[in-house]
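Descriptive structure summary
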Amino acid sequence: MAEQTTVTFRTSTETKARLDKLATAMRRSKSFLTNAAVEQFLAEEEAFIADVEAGLRELNEGQGVNGEDLTASLLEHIDDVARTNKTG
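Residues numbered from 1 in each chain as written. Predicted model: local features only at pLDDT ≥ 70, side-chain atom pairs only at ≥ 80, totals over all residues. Heavy atoms only, no water.

**Things to note about the pattern of salt bridges**
Put simply, the rule is: Whenever Lys or Arg places a side-chain nitrogen within 4 Å of a carboxyl oxygen from Asp or Glu, that contact is recorded as a salt bridge. Working definition: helices are DSSP H or I runs of at least four residues, strands are E runs of at least two. Numbering for both runs from the N terminus. Whether a residue is buried, partly exposed or exposed follows from its accessible area with a 1.4 Å probe, protein chains only, as a fraction of its type maximum: under 20%, in between, or over 50%, in that order.
Applying the stated criterion across every chain, the model contains three salt bridges. Lys16 is the partner of Asp20 in a salt bridge, and the nearest nitrogen-oxygen pair spans 3.1 Å. Taken together, the residues Asp20 and Lys16, both in helix α1 (residues 13-26) and four residues apart, mark about one turn of the helix. A residue is classified by how much of its surface remains accessible, and Lys16, at 43% relative accessible area, is partly exposed. Here Lys30 ties to Asp20 by a salt bridge, and the two come within 3.2 Å at their closest N and O atoms. Here Lys30, found in helix α2 (residues 30-60), pairs with Asp20, found in helix α1; they are 10 residues apart in sequence, far enough to count as distant. Members of the salt-bridge network, linked through shared partners, are Lys16, Asp20 and Lys30.

The structure is reproduced here in structure tokens:
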């Protein structure tokens, strides 16, 4: 088992009450649920940052699409969909 430490944080009375209720309903400790929530949050945020960094690397390597080209492509797609809906 990994080494553990204690973290404290402030939250609203309503959030604490929701955590208490959920812990009771799930028969889990508040610590377990809080840790699971923090782990999920960290994983999602780390993945987001990794994606942004990868995108920036691609842009720096000239692999990106500039805003004007993207806008033109989107407008063309919108026109295609509109034409399809009129004829379909």
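**A short note on α1**
Basically, it comes down to this: A helix is expected to span 1.5 Å multiplied by its residue count minus one.
Along its 14 residues, α1 runs 20 Å from first to last C-alpha, staying within 8% of the 20 Å computed at 1.5 Å per residue. Of the residues trailing α1, Arg27 is marked for its positive phi of about 55°.

**Section: the confidence of the model for the protein chain**
Here is the rule we go by: Values of pLDDT, the confidence the predictor places in each residue, fall between 0 and 100.
Averaged over the protein chain, the pLDDT score is 94; the fraction of residues at 70 or greater is 99%. Ranking the helices and strands of the protein chain by mean pLDDT puts α1 first, with 98, and helix α3 (residues 67-87) last, with 91.

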